[in-house]
Amino acid sequence: MALLEVRNLVKSFDRGTVLDGIDLTVEKGDVTAVLGPSGSGKTTMLRCLNYLERADAGTMVFDGVSYDLRDAGKGEISALRKQTGFVFQSYNLFSNKTVLDNVTLGLTSGRSMDRKEARDIGITELERVGMQDYADRYPVQLSGGQQQRVAIARALATDPKIIYFDEPTSALDPELTSEVLDVMIQLAGSGITMVVVTHEMTFAQNVSSRIVFMEGGNIIEQGSSSEIFDSPKEERTREFLKLNG
C-alpha cells in the first residue's frame, strides 16, 4: 500500500528550475535510496515533502490524506510533520541541550507530553542507536557519528510513519560513517519506511528496496535495487553507477 504519493512536484530558485515535475511513490515499509549527482534536486525534493521548502506546484497524498505542496496551511503542515521524521546532513542538534533533551524536545514542546514519559521514550530510542550512555552529555562532547545517531534517535522518538534522511553520512569520515549506516541497516530491517538521499552505493544496493536516480531536477529512472544495479535501462544511470560503484 502506498504511504506516499507525489505528483508533479515543481520547484524553482533564482538560478532556475530545480525540480521539474517529480512523480514519486513510496510503499509502506520501503527503503528508497535517492541517487544522483550533486545539484540534481535530491535534497530539495526531500525538503519540499516536509515543507522545509515551499514547492511551486505539486500534490502529495500521505497516508491517505491529500496535501497541496504549494498552498498547504500551517495546521496541515503541523499535522503532517507529526507523522514524519527528518535526519539532516549537519545533525541540527541544540548545542545548549543534553543528548536526552535533544531527543525529547519534540515530545515535551511539540506534543505537550509529560516529561517522565518523554524521558522513558528518549532513553529507549537512545538505546536503539547505541547512545544510552551519553544521555547527559552535550553535542560538543560527541563525535560526528555519535551526533548523527542522536539525531536519528530524535527522529525515532515521535514514532514517525516515514523518516527522510538527507545525506546522513556525507559529513563523516569512513569509520564514523560505518556506525551510522549500521543503525540505518537495523532500522531498515525493522520495517521503518525510509527515503534516503545518499552517496553510499553499498547501502543503496544491499539495503534499499527501491532506487530513484535523479539528474537535472528529473527522475531519470527508478525501480527495485536489483533492477537498477543489475540492469539499468538508461545510459545515464549506467554511467553514474560505473563512476560511483
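What comes next is a walk through the structure. The shown structure was predicted, so the numbers you read here are calculated from the model rather than taken from an experiment. (Residues numbered from 1 in each chain as written. Predicted model: local features only at pLDDT ≥ 70, side-chain atom pairs only at ≥ 80, totals over all residues. Heavy atoms only, no water.)

What follows is about the pairing of strand β2 (residues 16–27). Side chains on a regular strand alternate between the two faces of the sheet. Of the pairings in the sheet, the one linking strand β1 (residues 2–13) to β2 comprises nine bridges and is antiparallel in character. Each bridged residue has a counterpart across the sheet, and for A2 the counterpart in β2 is E27. Counting the residues between successive antiparallel strands, the hairpin from β1 to β2 contains two residues. (Pairing = 2+ DSSP bridges. Helix = DSSP H or I, 4+ residues; strand = E, 2+ residues; numbered from the N terminus.)

Enumeration over the complete set of coordinates arrives at ten salt bridges. A salt bridge links D120 to K116; the nearest nitrogen and oxygen atoms lie 3.2 Å apart. On the criterion of helical spacing, the pair formed by D120 and K116 is a turn pair, its members being four residues apart in helix α4 (residues 115–128). Judged by relative accessible area, which is 40%, D120 ranks as partly exposed. The closest approach of N and O atoms between E125 and R128, which form a salt bridge, is 3.3 Å. You can see E125 and its partner R128 sitting in helix α4, three residues apart, about one turn around the helix. Several salt bridges share partner residues, and in doing so they unite E215, R236 and E239 into one network. (Salt bridge = Lys/Arg side-chain N within 4 Å of Asp/Glu carboxyl O. Buried < 20%, exposed > 50% of the residue type's maximum accessible area, 1.4 Å probe, protein only.)

Read across the open sheet, the four strands follow the order β2-β1-β4-β5; overall the sheet is antiparallel. Edge positions in the open sheet fall to β2 and β5 (65–68), since each of these has one partner strand only. Here the average twist between neighbouring strands, direction ignored, is 15 degrees. The strands touched by helix α1 (residues 42–49) within the sheet are β1, β2 and β4 (57–62), with β1 carrying the most contacts at an inclination of about 115 degrees. (Axes fitted to C-alpha atoms, helices over the stretch in contact; angles between N-to-C directions. Contact = heavy atoms within 4.5 Å.)

This paragraph deals with helix α3 (residues 99–108). Where burial is concerned, most of α3 is hidden: seven out of the ten residues are buried. Residues of α3 that are buried include every one of V99, L100, N102, V103, T104, L107 and T108, and no others. Along its buried surface, α3 packs onto α4 and α5 (144–157).

Take it as geometry only, folks, not as evidence of what the structure does.
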